[in-house]
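# Commentary on secondary and tertiary structure
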Amino acid sequence: MSWGKGLWQGLAVTWRNLTRRSITAHYPDVQPDLPPRSRGVIALQEENCTSCMLCARECPSWCITIDSHKEVIPAATEGGRDRSQNVLDQFDIDYSICMYCSICIEVCPFDALHWSPEFAYAEGDLKDLTHDMNRLRTWMDTVPPPQALDPGAEQGKELDAYERTRATEAVPPVVPVETSFRQAQGAGDE
């Protein structure tokens, strides 16, 4: 007798679900609304990469391949010292073995790697899932801007210390390294 009652309850649940309207998302035609910090594909901002290899060393699946060479930049001023700079030759990510763990993005000290919410990059061949730096650069167009800071959050301790020292003594304003490097290059060209 008890199995008959369970059978009727199961059939009732089935009938209720059959008569309801379907809420299935029709994926190819309708794109899903993703959360703002969703992990899709990793994008490379090549000009920020210094070839420090931190991302490749920290990657648990060893899916990042980096190759670079050093170039000597002549001194900007007479009597100055020549500088050497790493130039990125190859930056590949093999998405067939990537775990999407975000360690490479978190460990990058120069913000060269970013999450893009793009997720539709399936390929017919496994070899095509290895993206080179040209393809990784194209994903940068889809990277959303960083979220605004929480208005109720405390200011960082580093900024507090900097503002205290700046208020007590005449500290020159901070010039971004990239700007000062470009200015030095421009001064050397003249």
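So, a few notes on the structure that sits alongside this text. Model, not experiment: these values are computed from the prediction. (Residues numbered from 1 in each chain as written. Predicted model: local features only at pLDDT ≥ 70, side-chain atom pairs only at ≥ 80, totals over all residues. Heavy atoms only, no water.)

### Some thoughts on the packing of aromatic side chains
The tally for this structure, following the rule as stated, stands at five aromatic pairs. A ring pair is formed by tyrosine 27 and phenylalanine 119, whose centres lie 5.9 Å apart and whose planes are at 40°; its orientation type is tilted. Pair noted here: tyrosine 27 is in the loop between α1 (2–19) and β1 (41–44) and phenylalanine 119 is in the loop between β4 (113–116) and β5 (130–131), with a separation of 92 residues, a long-range link. Linked through ring pairs, Tyr95, Tyr100, Trp115, Tyr121 and Trp139 together constitute an aromatic cluster. (Phe/Tyr/Trp six-rings, centres within 6.5 Å; stacked < 30°, edge-to-face > 60°. Helix = DSSP H or I, 4+ residues; strand = E, 2+ residues; numbered from the N terminus.)

### Comments concerning unusual backbone geometry
Residue methionine 53 is not a glycine yet carries a positive backbone phi of 70°. Positionally, methionine 53 belongs in the loop between β1 and α2 (54–58). A relative accessible area of 27% places methionine 53 in the partly exposed class. Positive phi outside glycine occurs at aspartate 111, with the angle close to 50°. As for its position among the elements, aspartate 111 is in the loop between α3 (103–107) and β4. For aspartate 111, a relative accessible area of 47% corresponds to the partly exposed category. (Buried < 20%, exposed > 50% of the residue type's maximum accessible area, 1.4 Å probe, protein only.)

Geometry only, nothing functional implied.
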